Amino acid sequence: MASLPWQVIVVLGPTATGKSAFAMELAADLAGRGIAVELISADALQAYRGLSVGTAKPGPRERTRLRHHLIDVIEPHQAFSAGEFARRAAVAVAEIEARGALPILVGGSGFYLRALFEGLAPVPPVGADVREALRADLRAHGLCGLVRELRGVDPESAETLAPGDTQRVLRALEVVRATGRPLSEWQRLGTEGRLERRLLKVGLTVPRAVLYDAVEKRARRMLERGWLAEVERLRDSYLPEHARGRGGCSLGELPAFQAIGYRQLADHLDGNLTLEQALEETVRATRRYAKRQETWFRKEPRVRWIDPSKPGETERARKRIVEALVGGRPSEVAP
């Protein structure tokens, strides 16, 4: 791939902007010009087996047409960190390159992408006593109390995390309690594990009103396609095995089910919310998450932004990218 102006293409942006569709169409365009492509998911939730409808995971047809990586690689009870993503993604990039193909990373997990291309902070190890104390606080005061604490000691990290993301809230507090320095400060020092490649970063963005409408429509489509049945199936077949001996573990305590939508639908199945209430909470939480994603990605340097809501915009962007790759003229892809 040394002859191409970019070694990796990254398609990023908020949820519900059409990143996967854009990446698939770009891959087809490139294949028509003799450039083989493989996709790497940069979506933290698509890595989990069994979480398909609610993560908009590519289906069997898409995965037959085009090789995908980092989808269905871990179980719902396992934690999937930015460091683990970066390690696996770097391996996938190397394997794709060895086959003479072009890697396209696609997803909205901004911190995961930053971990891959900028490296991770060398955070000192956290002692077991700190972890145990935090988990005792979680049991005593609930996650809301820990989120309030995080906002006080590390507001930058608190702003980037979903309020229900127990795993990462605990991690951020572990670091500040153990080191006296916020996780966000450590992350700015990140240099370990950096993957050095020539990148084209394509960002998809739409007006806020369009995005919010797309979020609600997508959530309703997911319900029509069996999202609730997926959550129920996972709860009934998976939870009993891992709940034993955990003092009545709920679905929401498992790492994968801290995800927006899965948590709310699990509450519905437990009788705490009506289905419409679960949907409304899901839509509100997703809109807030999309707003945080947009804020995060707007700080990313050298992103070529396109608006899929404008007629013909994605087609023109794909054509410019293909011509730039084939002709070796990256300047033709305007920022």
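Look up a bit, the structure's there.
Residues numbered from 1 in each chain as written. Predicted model: local features only at pLDDT ≥ 70, side-chain atom pairs only at ≥ 80, totals over all residues. Heavy atoms only, no water.

**Regarding unusual backbone geometry**
The phi torsion at L70 lies on the positive side, around 65°, for a residue other than glycine. Mapped onto the fold, L70 is located in the loop between strand 3 (68-69) and helix 3 (82-98). Taking relative accessible area as the criterion, L70 reaches 9% and is therefore assigned buried. (Helix = DSSP H or I, 4+ residues; strand = E, 2+ residues; numbered from the N terminus. Buried < 20%, exposed > 50% of the residue type's maximum accessible area, 1.4 Å probe, protein only.)

**With respect to the pairing of strand 1 (residues 8-12)**
Burial within strand 1 is extensive, with 5 of its 5 residues counted as buried. Side chains V8, V10 and L12 project from strand 1 onto one buried face, and the interleaved I9 and V11 project onto a second face that is buried too. Two elements, strand 1 and strand 5 (residues 199-204), share 5 bridges in a ladder whose sense is parallel. Note on strand 5: the bridge partner recorded for V10 is K201. (Pairing = 2+ DSSP bridges.)

**Here's the deal with the pairing of strand 5**
Most of strand 5 is tucked away: 5 of the 6 residues are buried. Here strand 5 runs beside strand 6 (residues 303-306); their pairing, made up of 4 bridges, is parallel. By the bridge assignment, G203 is partnered in strand 6 with W305.

**Quick look at the packing of aromatic side chains**
The description of two aromatic rings rests on the distance between their centres and on the angle between their planes. Under the defined criterion, the tally for this structure stands at 4 aromatic pairs. Plain terms: the ring middles of F85 and Y112 are 5.3 Å apart, the flat faces sit at 35° to each other, and that makes the pair tilted. Remark: Y112 occurs in helix 4 (residues 110-118) and F85 occurs in helix 3; sequence separation between them is 27 residues. Y112 carries the same exposure label as F85, and that label is buried. Residues F111 and W296 carry aromatic rings whose centres are separated by 6.4 Å and whose planes lie at 85° to one another, so their mutual orientation is edge-to-face. Of this pair, F111 sits in helix 4 while W296 is found in helix 12 (residues 275-298), placing the two residues 185 residues apart along the sequence. Residue classification places F111 among the partly exposed residues on the basis of a relative accessible area of 28%. Above the face of the W305 ring, R298 is positioned so that its terminal group lies 4.2 Å from the ring centre. (Phe/Tyr/Trp six-rings, centres within 6.5 Å; stacked < 30°, edge-to-face > 60°. Lys NZ or Arg CZ within 6 Å of the ring centre and 35° of its normal.)

**With respect to the nonpolar core**
By size, the foremost hydrophobic cluster in this structure holds 42 residues, and its most contacted members are I40, F85, L105, L113, L116, F117 and Y262. For this core, the secondary-structure elements that each account for two or more residues are strand 1, helix 3, helix 4, helix 10 (227-243), helix 11 (262-269) and helix 12. L4, L30, V37 and I104 belong to the second-largest nonpolar core, a separate cluster that totals 26 residues. (Core = buried A, V, L, I, M, F, W, Y, C linked by side-chain atoms within 4.5 Å.)

**Notes on helix 9 (residues 208-224)**
In this model helix 9 runs 25 Å from its N-terminal to its C-terminal C-alpha over 17 residues, within 8% of the 24 Å that 1.5 Å per residue would give. Within helix 9 the residues assigned to the buried category are L211, V215, A219 and M222. In an axial view of helix 9, the angular spread of the buried residues amounts to 75°, which keeps them on one side of the axis. Of the residues in helix 9, the exposed ones pointing more than 90 degrees away from the buried face are A209 and E224. G226 sits one or two positions beyond helix 9 and adopts a positive phi of about 105°. (Expected span 1.5 Å × (residues − 1). Arc of directions from axis to C-beta.)

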